[in-house]
Amino acid sequence: MKQALGFLASLIVIIIAFGIWAWNSETAQDWMLEKAVTAEMARPASMDSYEGLKVFLCGTSSPMPARGRAQACIAVLAGESLYLVDAGAGSAQVATLGRLPLERLEAVFLTHFHSDHIAALPEFNLNSWVAGRPKPMTVYGPDGVSEVVDGLNTAYRLDSTYRVAHHGEELLPPELGVMQAQLMEVGTVLEMGALSITSFLVNHDPIRPAVGYRFDYRGRSVVISGDTTITPGLIEAAAGADLLLQDSLSLPIIETLEQASAGTRFGKILHEFQNYHAHTSDLSDLVEQSGVQQLALYHLVPPPQNALFKKIFSRELPKGTVLTEDGMMFELPAASDDVLRIDP
């Protein structure tokens, strides 16, 4: 027994000594680096071609900062094509780390033009251009979309020329680095093969127009509300949908923060937040009237950062409602009623 224990102790010492040597040996470091990089590069994209709809949360926060959360951005994969709804700050990093197939990015759809919904447009444009997107990135949106896109193209014109100078026109054709704006009137139905994308009016006063989008593909449907209170138009657009991604505000939390900030600029802003976002207490009626199968909340106001805030945020929510997180994914396979959730 003593001999066995002695042998085991010696073996442990040898393993530790070898580990220390390997950690400090350039040869061993290079070998480990090669293996790690090879394994990472071989890892498949998280949103490969799919018979149905996949929805990936690139950003779930509101303008209020939150650790581990980017601002509003939702990726939708229909078949082989990738679409984005909004592009808030930090969301391009979440998308890239989530290994989204940015070379297959067909279009970006903007719900409105608050900064927390458009700030990452240039990053998505650059990242998808570098990934090999074969045509210019088209940005759809309501009235005002040309002003936003033209302004960003102007601001990033020098950056684009530098990228081409670095890597050459063969790798980065200059014309593909310029975003293209496309006005999408409220109520428009855009047909892209088997996919239908419908814009609908929402209430985010004083922003007018502000819209949401519904994606229908091979019998499955996803509705993305954008920033809005509960309106008849939202209920109609979400009717019978498999998945609704809904803007949401917790009044108990916001009112408590407002009281603690009374008399300050932040307190005034917190009070005004309450007028143009959907309150969590109103969402049961939304689900009941629309008949949506799965409700999932994003653009969380404020983003809950601990168990207590999550518990309070979940008060009065319909049973089964999901508080989303960055990197979460939903799968809606064709010829099925399933809504599958994959946590980050």
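Anything mentioned here points back to the structure above.
This is a predicted model, so every value here is computed, not measured.

> Help me understand the overall build of the protein in this model?
Scanning the protein for helices and strands turns up 11 helices and 15 strands. Along the longest, intermediate and shortest principal axes, the C-alpha atoms of the protein span 80 × 55 × 50 Å. A total of 344 residues make up the protein; the buried ones form 49% of that total. Working note: accessible area of the protein is about 17100 Å², and carbon and sulfur atoms make up 57% of it.

> Honestly, the sheet that holds strand β15 (residues 340–342) in this entry has me stumped. Any pointers?
Think of a sheet as strands paired side by side through backbone hydrogen bonds, with each pair either parallel or antiparallel. Ordered by their spatial adjacency, eight strands build an open sheet running β6-β5-β4-β3-β2-β1-β14-β15, and the pairing between neighbours is mixed. Each edge of the open sheet carries a strand with a single partner, namely β6 (180–183) and β15. Averaged over all neighbouring strand pairs, the angle between strand axes comes to 20°, with direction disregarded. When strand β1 (residues 50–59) meets strand β2 (residues 73–79), the two strands line up antiparallel, connected through seven bridges. The residue bridging K54 from the neighbouring strand is L77, located in β2.

> Would you take a moment to explain the state of the cysteines for this structure?
Defined simply, a disulfide is a covalent bond joining two cysteines at their sulfur atoms. Going through the model one piece at a time under the given rule, you end up with zero disulfides. For the unlinked cysteine C58, the closest cysteine sulfur is that of C73, found at 4.0 Å. Taking relative accessible area as the criterion, C58 reaches 0% and is therefore assigned buried.

> Would you mind showing me how to read a negative patch on the surface here?
On the surface, D282, D285, E288 and E316 cluster together into a patch of negative charge. Checked against the element boundaries, D282 lands in the loop between α9 (265–273) and α10 (283–290).

> I'm lost on a nonpolar patch on the surface in this one. Help?
Taken together, the side chains of L8, I12, I16 and I20 present a nonpolar region at the surface, about 370 Å² in accessible area. In this structure, I20 sits in helix α1 (residues 2–24).

> How do you make sense of α10 when you look at a structure like this?
Listed in full, the buried residues belonging to α10 are L283, L286 and S290. One face of α10 carries all of its buried residues, which in axial projection span an arc of 50°. Of the exposed residues in α10, those oriented more than 90 degrees away from the buried face are E288 and Q289. Elements that come into contact with the buried residues of α10 comprise α7 (232–237), β11 (243–249) and β12 (294–301).

> When you look at the pattern of salt bridges in this model, what are you seeing that I'm missing?
Pairs can form between side chains of opposite charge once their charged atoms are near each other. In the structure shown here, the tally under the stated rule is nine salt bridges. Across the salt bridge formed by E106 and K135, the nearest N and O atoms sit 2.8 Å from each other. Of this pair, E106 sits in strand β4 (residues 105–109) while K135 sits in the loop between α4 (121–131) and β5 (138–141), and the two are 29 residues apart along the sequence. E106 sits in the partly exposed class, given a relative accessible area of 25%. As a salt-bridge pair, E325 and K310 come within 3.9 Å of each other at their nearest N and O atoms. Taken together, the positions of E325 in the loop between β13 (322–323) and β14 (329–333) and K310 in helix α11 (residues 307–313) put the pair 15 residues apart, joining distant regions of the chain.

> Sorry, what's going on with the pairing of β14 here?
Each regular strand carries side chains that alternate between the two faces of the sheet. Here β14 lies mainly inside the structure; five of its five residues are buried. In β14, alternate side chains face the same way, and those of M329, E331 and P333 on one face and F330 and L332 on the other are all buried. With five bridges joining them, β1 and β14 adopt antiparallel strand pairing. When the bridges of β14 are listed, L53 appears paired with L332. Relative to β15, β14 is paired through three bridges, and the arrangement is antiparallel. Across the sheet, the residue bridging to F330 is R341, located in β15. Hairpin connection of β14 to β15: six residues between the antiparallel strands, including A335 at a positive phi of 55°.

> Looking at this model, I keep getting lost on the sheet that holds strand β7 (residues 189–192). Mind explaining?
The sheet built from seven strands is open, its strands ordered β7-β8-β9-β10-β11-β12-β13 with mixed pairing. Every other strand in the sheet has two partners, leaving β7 and β13 as the edge strands with one partner each. Two elements, β12 and β13, share two bridges in a ladder whose sense is parallel. The partner of L297 across the bridge, within β13, is L323.

> What exactly am I supposed to notice about the packing of aromatic side chains here?
Two aromatic rings, taken as a pair, are described by how far apart their centres are and by the angle between their planes. Tallied over the full model, the rule gives five aromatic pairs. Centre to centre, the rings of Y83 and F109 are 6.4 Å apart; their planes meet at 45°, and the pair counts as tilted. Of the two residues, Y83 is situated in strand β3 (residues 81–85) and F109 in strand β4; the sequence distance between them amounts to 26 residues. F109 shares its class with Y83; the two are buried. Each residue in the set Y83, F109, Y140, Y213 and F215 is aromatic and connected to the rest through ring pairs, giving one cluster.

> I keep staring at unusual backbone geometry and nothing clicks. Help me out?
Trans is the common state for peptide bonds, and a negative phi is the common state for residues other than glycine. With an omega dihedral of 10°, the bond running from D205 to P206 counts as a cis peptide bond. You can see P206 is positioned in the loop between β8 (195–204) and β9 (207–217). With an omega of -5°, the peptide bond between R208 and P209 qualifies as cis. Here P209 lies in strand β9. Even without being glycine, R218 reaches a positive phi, approximately 50°.

Definitions and cut-offs
- Residues numbered from 1 in each chain as written.
- Predicted model: local features only at pLDDT ≥ 70, side-chain atom pairs only at ≥ 80, totals over all residues.
- Heavy atoms only, no water.
- Helix = DSSP H or I, 4+ residues; strand = E, 2+ residues; numbered from the N terminus.
- Buried < 20%, exposed > 50% of the residue type's maximum accessible area, 1.4 Å probe, protein only.
- Areas by Shrake-Rupley, 256 points an atom, 1.4 Å probe, with all protein chains shown as cover.
- Pairing = 2+ DSSP bridges.
- Axes fitted to C-alpha atoms, helices over the stretch in contact; angles between N-to-C directions.
- Disulfide = S-S within 2.5 Å.
- Patch = residues over 30% accessible without salt bridge, like charges linked within 9 Å, V, L, I, M, F, W, Y side chains within 5 Å.
- Salt bridge = Lys/Arg side-chain N within 4 Å of Asp/Glu carboxyl O.
- Lys, Arg positive; Asp, Glu negative; His and termini not counted.
- Charge placed at Lys NZ, Arg CZ, Asp CG, Glu CD.
- Arc of directions from axis to C-beta.
- Contact = heavy atoms within 4.5 Å.
- Phe/Tyr/Trp six-rings, centres within 6.5 Å; stacked < 30°, edge-to-face > 60°.

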